[in-house]
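Here is what each chain is made of, one letter per residue.
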Amino acid sequence: MFLDVKELAVRKLRIRKKYAPGSIDFHSAEIKQIKSLEVTATAELLESQIRIEGSLETKIELVCARCLEPVVEDVSRTFDLFYAPLPKEAKPKEDRLKDDDTEIGFYQGEGLFLADVIKEQVLLALPLKVICQSDCRGLCPNCGANLNHEECRCETHATDPRMAPLARLKQDWFKKQ
Ligand SMILES: [Zn+2]
Ligand SMILES: [Zn+2]
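Residues numbered from 1 in each chain as written. Chains lettered and ligands numbered in written order. Predicted model: local features only at pLDDT ≥ 70, side-chain atom pairs only at ≥ 80, totals over all residues.

Teacher, can you tell me more about the overall build of the protein here?
Each helix and strand counted, the protein has four helices and nine strands in total. Mapped from its N terminus to its C terminus, the protein presents α and β elements in the order β-α-β-β-β-β-β-β-β-β-α-α-α. Considering the protein as a whole, with its 177 residues, one finds that 11% of them fall into the buried category. If you take every contact in the protein between residues at least 6 apart in sequence, the share linking residues at least 24 apart comes to 58%. (Helix = DSSP H or I, 4+ residues; strand = E, 2+ residues; numbered from the N terminus. Buried ≥ 20, exposed ≤ 12 C-beta atoms within 10 Å, placed from the backbone. Contact = placed C-beta atoms within 7 Å.)

Quick look at the structure:
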């Protein structure tokens, strides 16, 4: 859906839209939308700024930072955003200003795509890091075993250094047999 300034100049737009999983590209293999993303919003032109106010809701599957198992996050966010026409001399890299209270973005040319706005809002709503449970034990750095589900064998061998010579003796003994 393209929000065209010329149309917004004529009338305020009421938006109810559903984005099916996969229709918004989050540019990350670790961010997976697993439920339809629902947006309710209004878009209007104030002076020359596009104002988009509303809310969104969806479920996103992320990856546990410790054990790499999937973690589902409920995402719901309200927003009230202003987009000003991009000044001609501005470089694209500097197209976003932020301070504590107001957030102003910029649009180029005739308007902006709602999906781009929504994608950014979803990314802002997501935590930087998730873990599946507060006591997630993660993966063994040696063998990659998920320590939540299985005992790792290299752990029991390596933890007690006093046992190492004995283990070596045993190994030699087995080899000789
Ligand atoms: Zn985990
Ligand atoms: Zn291990």
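Honestly, the nonpolar core in this entry has me stumped. Any pointers?
A general tendency of soluble globular proteins is for nonpolar side chains to be buried together. In this structure, I50, L112 and I118 are the most contacted members of the largest nonpolar core, which totals 17 residues. When contributions to this core are tallied by element, the ones reaching two or more residues are β4 (37-46), β5 (49-63) and α2 (114-125). Element by element, the count of residues in this core is highest for β4, at five residues. Not counting residues within four places of it along the chain, the set of residues in contact with L112 comprises L3, I50, Y83, Y107 and V117. (Core = buried A, V, L, I, M, F, W, Y, C linked by C-beta atoms within 7 Å.)

What is the right way to read the environment of L86 from this model?
Inspection of the secondary structure puts L86 in the loop between β6 (70-85) and β7 (96-98). As for L86 and G105, which are separated by 19 residues in sequence, their C-alpha atoms are 8.6 Å apart.

Which parts of the structure should I look at to understand the environment of L62?
By secondary structure assignment, the location of L62 is in strand β5. Under the C-beta neighbour-count criterion, L62 is labelled partly exposed, with 19 such atoms within 10 Å. Taking C-alpha positions, L62 is 8.9 Å from K129, a pair spaced 67 residues apart along the chain. In contact with L62, not counting residues within four places along its chain, are E30, I31, V71, E73, L126 and V130.

Quick question: what am I supposed to make of the environment of K18 here?
By the element assignment, K18 lies in strand β2 (residues 13-19). Along the backbone, K18 and T58 are 40 residues apart, and their C-alpha atoms lie at a distance of 9.8 Å. Excluding its chain neighbours within four sequence positions, the residues that come into contact with K18 are S36, L37 and E38.

I would appreciate a short explanation of unusual backbone geometry in the present structure.
Among all residues except glycine, the phi angle is most often negative; among peptide bonds, the trans geometry is most common. Despite not being glycine, H27 shows a phi value in the positive range, around 55°. With respect to the element layout, H27 can be found in the loop between β2 and β3 (32-33). Despite not being glycine, L68 shows a phi value in the positive range, around 65°.

How should I be thinking about α2 in this particular structure?
Look at α2: 17 Å from first C-alpha to last across 12 residues, which is about the 16 Å you get at 1.5 Å a residue. Turning to α2, its buried residues are V117, I118 and V122. On an axial view of α2, the arc spanned by its buried residues comes to 135°, and they lie on one face. Looking at the buried residues of α2, the elements they touch are β2, β4, β5, β6 and β9 (111-113). (Expected span 1.5 Å × (residues − 1). Arc of directions from axis to C-beta.)

Sorry if this is basic, but what is going on with the pairing of β5 here?
Remark: a regular strand shows side chains that alternate across the two faces of the sheet. Here β3 runs beside β5; their pairing, made up of two bridges, is antiparallel. By the bridge assignment, K32 is partnered in β5 with E61. Of the strand pairs in this sheet, β4 and β5 are connected by nine bridges, and their pairing is antiparallel. By the bridge assignment, A41 is partnered in β5 with G54. Counting the residues that bridge the hairpin from β4 to β5 gives two residues, and of these E47 lies at a positive phi of roughly 55°. Examined bridge by bridge, β5 and β6 share 14 bridges and lie antiparallel to one another. Residue pairing across strands places G54 opposite F79, the latter belonging to β6. (Pairing = 2+ DSSP bridges.)

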